[in-house]
Structures are given as C-alpha cells and as structure tokens.
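For reference, the chains in residue letters:
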Amino acid sequence: MASRYEYDTSTLEFTLLTKLAGSSPSSLAATNGGFGTSMSYHDDRLILSSPGFNSGQGVVRVVPADTFTIHVSATGNDIHNSGHHAESPFRSLRRALAAAGAGDAATAYCNPIVLGEGVFRLRWDDAVGCALSVRGVEGTIVHMDGHLTCTGQVHLANLALTRRPESTLPQPDEGGLLRFDGAVATLTAVSLSSATAGVGGCVFATGGTQLTLTDSTVSLCGADVGGGVAIAGASEVTLDGTTVSDCDAATSGGGISVDDRSTLTLRTQAGGAETSIRNNVAATQGGGIHAGFATTVVAESDASRHGVRVVGNSAVDGGGVALFLATCTMTRAAITDNVATRDGGGLHVVAASSGAISTLTESQVQGNGAGRNGGGVAMSFDARVGLGVGTGVSTSTAAGDGGGVWVSESSLTAAGPLMDCSAGNDGGNVFATGQTSVTLSDDASLQSGNAAGRGGGIACVDDSTCMLTGSPSAAMQVVSNRAGVGGGGMYVRNARVVATYVDVKYNVADGDLGGGGVYAWHGLAAASLLVRLTDTHIMYNIAGYDVCVPVAVPVPVAVAVAVAVAVAVVVAVAVAVAVCVTMCGWLS
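A brief look at the structure comes next. Per chain, the residues get numbers from 1 upward, laid out in the order the sequence is written. Under the rules for a predicted model, residues below a pLDDT of 70 receive no local features and side-chain atom pairs below 80 are neither given nor counted, while totals for whole chains, interfaces and linings still include all residues. In computing side-chain properties, one takes all heavy atoms of the structure into account and sets aside hydrogens as well as water.

Thoughts on helix 1 (residues 93–100)
Short version of the rule: Type-normalised accessible area, obtained with a 1.4 Å probe on protein chains alone, sets the label of each residue: buried when under 20%, exposed when over 50%, and partly exposed for intermediate values. Each helix is a run of H or I in the DSSP string that is no shorter than four residues. Each strand is a run of E no shorter than two, and both are numbered from the N terminus. The reported arc concerns the directions from the helix axis to the C-beta atoms and nothing else.
Every buried residue of helix 1 is accounted for by Leu93, Ala96, Leu97, Ala99 and Ala100. What you see down the axis of helix 1 is that its buried residues fit within an arc of 165 degrees, all on one side. Looking one or two residues past helix 1, Gly101 carries a phi angle of roughly 100 degrees, positive in sign.

Next comes the structure, spelled out in structure tokens:
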C-alpha cells in the first residue's frame, strides 16, 4: 500500500505514519523497531520488510545495510534474537544470509556476517549477487549441504568449509563447496575440504571471475576434472601462501584444472607461507596442475627461496604439471618428487600456445620419475620450453628415454645444470628425437652422475639438432656421465651436433659399443647429418674408443673428416685405454 511518511534529509530519519510490510530485504535497513527491518523504493513507494517490527508509527533511522554486522553463534536463536549484536545472535548462517539480504537480487550490499566458534550448517540454493562478507574465528566450521554460488563481491575469512557428512544431496555439477560466476572474491585463512563435484571438487570459478585465496587450504576433494579447483571462462585465480593437497581427478587436474583462456597464479611473498600443490592424483594428465587451451600458469616467489612448490603429485602424463596448448612462467619454483606412469614426471608439455615459450627461471626440477620418457620434463608436438639460468634438472629417472628431459618434435633451450639423472634406454639427462632443436648454453653442464644405456649425458637421434655452446673462459662440461652400452658422454645417431668450447671428459662407456666420450653413428648418407666439434676437448674418458663414428662412407669423405678432427679436437688417453679415431662420418 502507499506510504505515509516524512523524511528529514539532515538526520536521515523517516517519520512513519503508516506501517508498511514487504517480503524482500534490500540495500537499506532500519535500526529501531527490530533488527532485520529493511526498506526499498518501488514506484515512489517505501516498502518496509520488518520481521519483528511492531510499531505502527514512529521514527526510524536509515543507514546503508552493509554497515550493520549480523552475528551468528552456536548458542544463538533464530526466532527470539535480533542478530544485530553479539549479545543477541542468530543460530543459523541461513537465517543470517536471509537477514543480510542475500536472497534479494536487487540488494547491492549485504550486511557483513560474523560467526563465532562452533559448527554451523548451510544450505542456500539461490545465487548470492550482493557484496558479501562472512568472517569466522578459529574453530568456525561450516557444514555445507550443496554449494554456495556467488556472482558479486565476496570476502570469506577464518572459516572451515566442508561437505556435511550426513548430507543426502547429490554432488553439484560445478564446485563442491563454492561456485563463482563473474565474481570478485577473496578467501583469507579459509579451509575447504572433503567435497566432490563434476568439475572443481571444492571450488569452481568461471565467467571472468577474479578469485584470490590467501593463507588458505584446499584438501581431500574430488571431481572428474579439477579435483580441488577448476578454473574456466577467462577467469583469474591467485593462490598466495595457499596449499592444494590430497585431491584427485577422474581425468585431468588432480589438484587444479585451468582451461578456456584462464590464468592461474601461484605466489609466495617475502615472509609469507609457501604456496604448494601437493600429493594430488589425476587418472590421466596433470597430477598437480593441468592447463589447457590458451591458458597461462604463473608461479612467482620472493628472492630468498623456492617458495612455490609442486611436489608429490602423480598422473599418467605430467605427474606434477601438464600443459596442453598452454604456457607456464615460473620463477623460483620447485617441481619435485612427482611421478608419471608414462611421460613427464615433473612437467609434460604438449604443443605451444600460439608459439609461446614456457619458461622456468631460478627453479628446480628435481627427484621426479617417469614410467616411460622424460623423468623431469617431457615435450612433444611443437612444445617450446626454456630452462633459464639457475634452473636445474636433477636426480630424475625415466624407464625409457630422457632421464632429465625428453624432447620430441619440439624446442628446448637450457642454461642451468643438468645432473644426476638416469634413463633405462637412451639419454641419461637429455634425449632429443625427430624435428627437434636442443640448445644448451651458459651453465647447462651435463655432469655428475647422469647415466643411460646409450648417451650417459645426452642422446641426439633421428634428425634432431643439438647445440652445445660454452665460452673461451668457461667451457661447457660434459663430465662424469656413464653409458652401459656406448657414448658415455654423448650418443649421436642420424642427427646433427655442434659443440663449441665443450669439455668432454671423465665419462665411461661400459659396453662393447665404445665411445667413452662420444659415440656417433650416421646410417643415412645425408650431408645435413654432422657432428662438428670446435675448440672442444675429449679427454680422460674410459671405453674401447674415446670417439667412435663407425659408418661406411666413401673414403675421400673419411679422410677429410679425420683431418678436420685433428685440428678441432684434442683426444687424450685415459687409464692406458687405447684410442682409435677412425672417423667415418660427417664429423667436421
């Protein structure tokens, strides 16, 4: 009905001449006359919604609703208490959300809600579009029936959200606990756990959502895609001092799935907690993180440590991180102790997003394992990866090829130490095959315990190109590697290798194939296949042959090659082992 009231703009006071009633809270609330009273304008009418409002006329003071704080306590009462101060709290979070205006699509700002210690239950089926703040204290636990969908500004703090153990509701399709669609949300000191969904076991973000989790945890969640968190629809999610652990996916992204032009940022700030993706499992790709289709993963830490860690995850491909048509940029991050039953124990990269290069700077790829290829890193189908200065690949293993890095039809640049890796077949640390380019420079030394059947340090085969480049003042080291069959330091088969300012020494080939330092075999009579060693020393290696290139080619070619080698390479005898330089291939 029509309102009869007077309004004093100087005092913000309404003098109500007729009591009005409405059913929907809004962005204005009245103080006197009972908490929960709210007002809105419709066609020049003042609509008053007032649970417990008993005065037919009087004076109320109206202020923006978000300046009220609604209190909820385990000892509160939804019927007799007003909720507007700590001495008269509500009992349920559902009642608090209703009083805050969360059920009205026209509400711009909901009242902030504060929960005390205890266990609270929530089932809320409508999307919350208002600006909403919910804060708890240590020991605040919210048992969720279904999930909460937010489309506006959201801030959650000091809460533990988990699926209610007795819930009989089916799992949500998206976001087991929280679903954000076009929201701007921050979660601080929030624990999310023990929920399942089709996509995003704990959290799903889509529709351009901007979500930040700080000092929070996501754990024990499961989904078909994105066991812990799923990100889609050009959304941006940042984890700062946050851990995603012990989640699982029936397909990809055991910890986190990033898709559809979205961005995931993993960040650790100076003095803050580390961000870690830990002990997650995916049945196919990306045990820790799976990123696909024009997405970006960024990891950045303060200068004092490797504060972002992807550790202890497992999958078929990409035990730690799997990228498909995606890009990652990592600075001072660690990918450690992850396992792939097939390829890419630490990192698996398939194809590049618009030709972009995934880069790791001052980072560690360490202690990872693969059941087939690429214990540390596996790359295929035009993938592009740059391992920058200070980034090492170490103590990783592969049952097949490339204990450290396996590169197929792709491009790798490396400028950090490559050491202590092993492969069951070829390429103790680096294995290159197909139309592949591998460039090792600066501090990218192959040394200290790499081992394989062939090519203890590096194996370049089948039309690949490997460039090893040191400097006059700091030669690249291919040192102390071991091969069980041949090519203790380097194994070359139908490929191109150009080495400049390289020391190949103290390597061992145990088998009959020989080549303690270098074994090269060219079975194709193609001038494009060559091994060129310039200002390079091959010395103190152990095998039947220090350098062996057993290929039957026309004699004039062999003679020319032998002359070139005499100029470019210093060959030394180690432990009284005979040295045979019968170069019968394209070595110049």
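Next, the rest of the story.
A closer look at the environment of Gly424
As a reminder of what qualifies: Residue contacts are counted whenever heavy atoms from the two residues lie within 4.5 Å of one another.
Locating Gly424 in the fold gives a position in the loop between strand 48 (422–423) and strand 49 (430–433). With a relative accessible area of 48%, Gly424 lands in the partly exposed category. Sequence spacing of Gly424 and Arg372 is 52 residues, and the spatial spacing of their C-alpha atoms is 8.9 Å. If sequence neighbours within four positions are ignored, Gly424 has contacts with Ala398, Ala399, Gly400 and Gly453.

Some remarks on the nonpolar core
Formally: Residues grouped as a nonpolar core are buried Ala, Val, Leu, Ile, Met, Phe, Trp, Tyr and Cys residues, joined through side-chain atoms within 4.5 Å.
Ranked by internal contacts, the top residues of the largest apolar core, which has 107 residues, are Ile113, Leu192, Ile256, Leu264, Leu440 and Leu468. Every residue in contact with Ile113, bar those within four places of it in the chain, is listed here: Ile70, Val72, Leu93, Ala96, Leu97, Ala100, Leu132, Ser133, Val134 and Arg135. By size, the runner-up hydrophobic cluster in this structure holds seven residues, among which are Trp406, Phe431, Val461 and Tyr519.

A word on the pairing of strand 46 (residues 411–414)
For clarity, the threshold we go by: In this description, strands pair whenever DSSP reports at least two bridges between them.
The alternating pattern of strand 46 places Leu412 and Ala414 on a buried face, while none of Ser411 and Thr413, on the opposite face, is buried. Pairing geometry for strand 42 (residues 384–387) and strand 46, over four bridges, is parallel. Paired with Arg384 across the bridge in strand 46 is Ser411. When strand 46 meets strand 50 (residues 437–441), the two strands line up parallel, connected through four bridges. Residue Thr413 lies in a different strand from strand 50, and its bridge partner there is Thr439.

A closer look at the state of the cysteines
Keep this limit in mind: Whenever a pair of cysteine sulfur atoms sits within 2.5 Å, that pair is classed as a disulfide.
Enumeration according to the criterion identifies three disulfides in this entry. Two residues, Cys110 and Cys130, share a disulfide whose sulfurs are 1.9 Å apart. Residues Cys110 and Cys130 are joined through a disulfide that is left-handed, its torsion about the S-S bond being -95 degrees. One end of the pair, Cys110, is in the loop between helix 1 and strand 8 (113–115); the other, Cys130, is in the loop between strand 9 (118–122) and strand 10 (132–135), with 20 residues separating them in the sequence. The buried category is assigned to Cys130, whose relative accessible area is 1%. Here the cysteine-cysteine linkages of the protein are recorded as 1-2, 3-4, 5-6, numbering only bonded cysteines and doing so in sequence order. No disulfide involves Cys150; its sulfur sits 8.4 Å from that of Cys130, the nearest cysteine.

A few points about the packing of aromatic side chains
The line we're drawing: Two rings belonging to Phe, Tyr or Trp (six-membered ring only in the last case) form a pair when the distance between their centres is within 6.5 Å. Interplanar angles under 30 degrees mark stacking, angles over 60 mark edge-to-face geometry, and anything in between is tilted.
By the definition in use, this model includes three aromatic pairs. Relative to Tyr519, the ring of Tyr491 has its centre 5.5 Å away and its plane inclined at 10 degrees; by these criteria the two rings are stacked. Placement of Tyr491 in strand 57 (residues 490–493) and of Tyr519 in strand 61 (residues 518–521) is noted, with a sequence separation of 28 residues between them. Ring geometry for Tyr506 and Tyr540: centres 5.4 Å apart, planes at 15 degrees, overall stacked. Of the two residues, Tyr506 sits in the loop between strand 59 (502–505) and strand 60 (508–509) while Tyr540 sits in the loop between strand 63 (536–539) and strand 64 (547–548), which places them 34 residues apart along the sequence. Judged by relative accessible area, Tyr506 falls into the partly exposed class, the value being 46%. The class of Tyr540 is partly exposed, set by a relative accessible area of 37%.

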